[in-house]
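Take a look at the letters that make up each chain.
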Amino acid sequence: MKNFKPKAWVLPQPVLIIGTYNADGTPNAMNAAWAGQWDATEIMISMGSHATTDNLNRCPEFTVAFATRSTLTAADYVGLFSARKHPHKLEKTGWKYERASQVNAPVFAPFPMTLECRIKEKLQESETGYYLVAEIVNIVCDEKYLAEDGKPQVEKMDLITFDPIHDGYIALGERVGNAFHDGKSL
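Since the model is a prediction, treat every value here as computed from it, not as a measurement.

Re the overall build of the chain
- Looking only at helices and strands, the chain features four helices and 12 strands.
- Overall, the C-alpha framework of the chain stretches about 55 × 45 × 30 Å when taken along its three principal axes.
- Within the chain, residue pairs in contact and separated by at least 24 positions form 59% of the contacts whose partners lie at least 6 positions apart.

Shown next as structure tokens:
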């Protein structure tokens, strides 16, 4: 076994696109990886100091989309370029959007599933950012990604995960088991 100094290597890390509106009403998106489920209907995201953070300080509502193999290049782009310096960065992505049904934030069309969220709490707020805990108000899923039972089928989505060890993206694979079931065989 080889030892490493502590790093942000919790795996897998989702590739999330945070959608907000800028002060002028134009949509904004940023790429975020340090996030996870906080509770049954809440998520947590580590937010640095970004245009998105400014937007969230103005309006506590946002969307969270899950990046895919087909959205990878544009998803990486919105993480590389800040709306503070590139206010029209979304034009390069070609993403169409519509207003979310339950929150004041954009839903970007090319993503299979999007969470509509509202900030409940900001933790350890400072000049460099904060951790936000947000309530999931609604979930929208493109119908072509639904399983026969009417629920989203993750295997169809071609989701990607961030590889913080080698700064890459990895496509998530096939279903390999059944949670809350397979362990019963022991």
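Focus: the sheet that holds strand β1 (residues 13–14)
- One open sheet holds the three strands; their spatial order is β1-β11-β12, and the pairing between them is antiparallel. On the outer flanks of this sheet lie β1 and β12 (168–171), each paired with one strand and no other.
- As defined by bridge partners, β1 adjoins strand β11 (residues 160–163) across two bridges and the pair is classed as antiparallel. Looking across to β11, one finds that P14 is bridged to T161.

A short note on the sheet that holds strand β2 (residues 16–21)
- Ordered in space as β3-β2-β6-β9-β10-β5-β4, the seven strands form an open sheet in which the pairing is antiparallel. One side of each edge strand has no neighbouring strand; the edge strands of this open sheet are β3 (27–32) and β4 (35–39). Direction aside, the axes of adjacent strands within the sheet are offset by 35° on average.
- As paired strands, strand β5 (residues 42–47) and strand β10 (residues 129–141) are joined by six bridges and run antiparallel to one another. When the sheet's bridge partners are listed, I43 is paired in β10 with A134.
- Across the sheet, helix α1 (residues 51–58) lies against β2, β3, β5, β6 (61–66), β9 (113–126) and β10, angled at about 50° from β2, the strand it touches most.
- Its contacts with the sheet put helix α2 (residues 72–80) on β2 and β3, and the angle it makes with β3 is roughly 95°.

Examining the pairing of β11
- Across four bridges, the pairing between β11 and β12 is antiparallel. The partner of T161 across the bridge, within β12, is I170.
- Where β11 folds back onto β12 in an antiparallel hairpin, the turn is made up of four residues, including D167, whose phi is positive at roughly 50°.

Brief notes about the packing of aromatic side chains
- What the rule picks out here adds up to five aromatic pairs.
- Ring centres 6.2 Å apart and planes at 55° place the aromatic pair F162 and Y169 in the tilted group.
- Look at Y169 and you get partly exposed, because its relative accessible area is 27%.
- Three or more aromatic residues joined by ring pairs make a cluster, and in this case those are W95, F108 and F111.

Focus: the side chain of N31
- Residue placement: N31 occurs in strand β3.
- Given a relative accessible area of 16%, N31 falls into the buried group.
- A distance of 3.0 Å separates a polar atom in the side chain of N31 from the backbone oxygen of A75.
- Discounting residues that sit within four places of it in the chain, N31 has contacts with V15, L16, I17, A75, D76, V78, G79 and Y169.

Comments concerning the pattern of salt bridges
- All chains considered together, the criterion is met by five salt bridges.
- Residue R118 is joined to E61 by a salt bridge in which the shortest nitrogen-to-oxygen separation is 2.8 Å. Of this pair, R118 sits in strand β9 while E61 is found in strand β6, placing the two residues 57 residues apart along the sequence.
- What makes E61 buried here is its relative accessible area of 16%.
- The salt bridge involving E125 is made with K122; its shortest N-O contact spans 4.0 Å.

Rules of the game
Residues numbered from 1 in each chain as written. Predicted model: local features only at pLDDT ≥ 70, side-chain atom pairs only at ≥ 80, totals over all residues. Heavy atoms only, no water. Helix = DSSP H or I, 4+ residues; strand = E, 2+ residues; numbered from the N terminus. Contact = heavy atoms within 4.5 Å. Pairing = 2+ DSSP bridges. Axes fitted to C-alpha atoms, helices over the stretch in contact; angles between N-to-C directions. Phe/Tyr/Trp six-rings, centres within 6.5 Å; stacked < 30°, edge-to-face > 60°. Buried < 20%, exposed > 50% of the residue type's maximum accessible area, 1.4 Å probe, protein only. Polar contact = N/O pair within 3.5 Å; in protein donor to acceptor, adjacent residues only side chain to side chain. Salt bridge = Lys/Arg side-chain N within 4 Å of Asp/Glu carboxyl O.

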